[in-house]
Amino acid sequence: MTGHVFHRNPLDRYPVAVRGEGAYLIDREGKRYLDASGGAAVSCLGHSDRAVIEAIQHQLAKLAFAHTSFFSNEPMEALADALIDFAPAPLDRVYFVSGGSEAMEAALKLARQYFVEKGEPQRRHVIARRQSYHGNTLGALAVGGNQWRRKQFEPLLVDVTHVAPCYAYRGKRSGESDESYAERLAAELEAEIRGLGADTVIAFVAETVVGATLGAVPPVPGYFKRVREVCDRHGVLLILDEVMCGMGRCGTLWAFEAEGIVPDLVTIAKGLGAGYQPIGAVMVAQGIYDTVVRGSGFFQHGHTYLGHAAACAGALAVQRRLHEGGLLARVQPLGAKLEARLRAAFGAHPNVGDIRGRGLFWGVELVADCASKKPFDPHLRVSARVKKEAMAAGLVCYPMGGTIDGARGDHILLAPPFIVEEPQLDELVQKLERAISAALAGAPQTELHESMP
Ligand SMILES: Cc1ncc(COP(=O)(O)O)c(C=O)c1O
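Rules used throughout
- The numbering scheme is per chain: residues are counted from 1 as the chain's sequence reads.
- Per-residue local features are limited, in this predicted model, to residues with pLDDT of at least 70; the limit for side-chain atom pairs, both in listing and counting, is 80 or more; totals at the level of whole chains, interfaces and linings are taken over all residues.
- Working from all heavy atoms in the structure, the side-chain values ignore hydrogens and water.
- For two strands to be treated as a pair, DSSP must find at least two bridges joining them.
- Put simply, DSSP marks the helices as runs of H or I at least four residues long and the strands as runs of E at least two long, and each gets a number from the N terminus on.
- Here a residue is considered near a molecule or strand provided that any single heavy atom belonging to it is located within 4 Å of it.
- Each polar contact in these results corresponds to two N or O atoms within 3.5 Å; when the atoms are within protein, one needs to be able to donate a hydrogen and the other to accept it, and residues that are neighboring in sequence are counted only if both atoms are side-chain atoms.
- Per-residue and other accessible areas were derived by the Shrake-Rupley procedure at a 1.4 Å probe size, with only the shown protein chains allowed to occlude residues.
- Following the grouping adopted for this structure description, the nonpolar residues are Ala, Val, Leu, Ile, Met, Phe, Trp, Tyr, Cys and Pro, the charged ones are Asp, Glu, Lys and Arg, and the polar ones are all others, Gly among them.
- The rule is simple: take the accessible area with a 1.4 Å probe, protein chains only, and divide by the maximum for that residue type; under 20% is buried, over 50% is exposed, in between is partly exposed.
- Classification of ring pairs rests on two measures: the distance between centres of Phe, Tyr or Trp rings, Trp counted by its six-membered ring, which must be within 6.5 Å, and the angle between planes, read as stacked under 30 degrees, edge-to-face over 60 and tilted in between.
- The criterion is that NZ of a Lys, or CZ of an Arg, lies within 6 Å of the ring centre and within 35 degrees of the ring normal, and then a charge sits over that ring.

*Asks:* Please provide a residue-by-residue account of the sheet that holds strand β3 (residues 32–35), values included.
*Replies:* Taken together, four strands build an open sheet; the order of strands is β1-β2-β3-β13 and the sheet is mixed. Looking at the sheet topology across the chains shown, the edges are occupied by β1 (17–21) and β13 (395–396). Bridge analysis of β3 against β13 gives two bridges, and the strand direction is parallel. By the bridge assignment, Asp-35 is partnered in β13 with Val-396.

Spelled out as structure tokens, the structure:
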């Protein structure tokens, strides 16, 4: 591209977005795109929510920024209270940051510091899952389990061990019940903890519903109950990453509500600010907070922009739209309508192997052959081609390659806004059908490149 921006992918041509209108983005040429993935599951209220915009403008006019090592600020206090009002015990404190990777870094460091303060400084290992994504900063990348994203940075990454994700479509054995599958995965986690030395493990980290790397994969029933038991047995913290799947995206404010467990730490970001301002947070269990405060007295961390007043004011308005504005209550019924449309359009498609998801968070896994679940040859770059065709059709969706192991497999992630209407769900499915057909019909195009969150 011309100009001086170092774009995400300098070889790609990006249309210039100039306006947002409800569920649509509009580029400089006036072309309208139905935003069916909120970028990467960010824009949960669409692109022109007056209440959120006005809350930010109002805050900016009053106070834009006051550094949090000198001052607290009103929207930060109010947002923390609002989040805790809707969070189950023992979650009791909120540490604000500016995005998902920062939230993961803070959670990892807080987990480590907790054990140091508690007199267990030998705890140094973190266990996470393969095919997970927790962010691109070095700590978050180390925890992430996507081989492609990690590969060239491997020498800079701290040592983290990875166990299998809960990915029923490919991980569950034939004839295996959900219960036995969950049990088998929990046993693998426990064996890993014992192998490392149970008293040396800090935390197990997982996305409650896996987003970017697997494509909206919910766990089988009972999985997180078993995981919670294993963690509790060994004094290991459970850190859930709800940066993508939380804040109502799966139909409940916290995705873990559907699992009947509560994590010790949970990270949130994308839907928290809904794209109107950059913001993230770590929700912290009371015991962790108390241990740190009664110990050294402070969390040895911090960034310049944490608790930014305008970002917190925007996120507070988002919370109000979800609860008082009734938008959270729309997610389950609209999700059911989206699911029905996806199953009707793609249930018998020869190249759709699996349709999975929860709430308004859905994944469509593409395969070369449904019976054998054989993926497309990665050199065909099917997901990149779907993205290109979808953009041409005026649809923003989030296709990714490497679903199976970081190299093989393709899926499309869908995360439409909670304000979406039924005719837009029809438009979404029709445009997606066209994009998939065009991508699969077209010749391999080597100039195409993968997208990133
Ligand atoms: C589950 C998950 N965790 C963390 C992140 C990182 O968030 P950010 O891109 O805001 O740093 C992402 C981003 O896609 C994510 O999906």
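After that view, the rundown keeps rolling.
*Asks:* Can you break down the site of the ligand residue by residue, with the values?
*Replies:* The environment of the ligand is formed by 12 residues, the closest being Gly-100, Ser-101, Tyr-133, Asp-241 and Lys-270. Here a nitrogen atom of the ligand and a backbone polar atom of Tyr-133 are 3.5 Å apart. Within the side chain of Lys-270, one N or O atom sits 2.7 Å away from an oxygen atom of the ligand. For the ligand, whose accessible area on its own is 390 Å², the fraction buried by protein is 85%. Residues of the shell around the ligand, tallied by class, amount to four nonpolar, five polar and three charged.

*Asks:* I'd like a rundown of the pairing of strand β4 (residues 91–97), residues and numbers included.
*Replies:* The buried fraction of β4 is high, at five of seven residues. Where β4 and strand β10 (residues 280–285) come together, six bridges link them in antiparallel fashion. Across the sheet, Arg-93 pairs through a bridge with Val-284, a residue of β10.

*Asks:* Help me get a handle on the packing of aromatic side chains, residues and values and all.
*Replies:* Applying the stated criterion to the full structure yields five aromatic pairs. Taking the centre distance of 5.8 Å and the plane angle of 65° together, the rings of Phe-65 and Tyr-305 count as edge-to-face. Linking Phe-65 in the loop between α2 (50–62) and α3 (74–85) with Tyr-305 in the loop between α11 (286–294) and α12 (309–323), this pair joins segments that are 240 residues apart in sequence. A centroid spacing of 5.9 Å and a plane angle of 20° characterise the contact between Trp-254 and Phe-256, whose relative ring orientation is stacked. Each member of the pair, Trp-254 together with Phe-256, is buried. It is Arg-123 that lies over the ring of Phe-115; its NZ or CZ is 4.7 Å from the centre. Positioned above the aromatic ring of Tyr-169, the side-chain terminus of Lys-373 is 4.5 Å from the ring centre.

Structural measurements only, silent on function.
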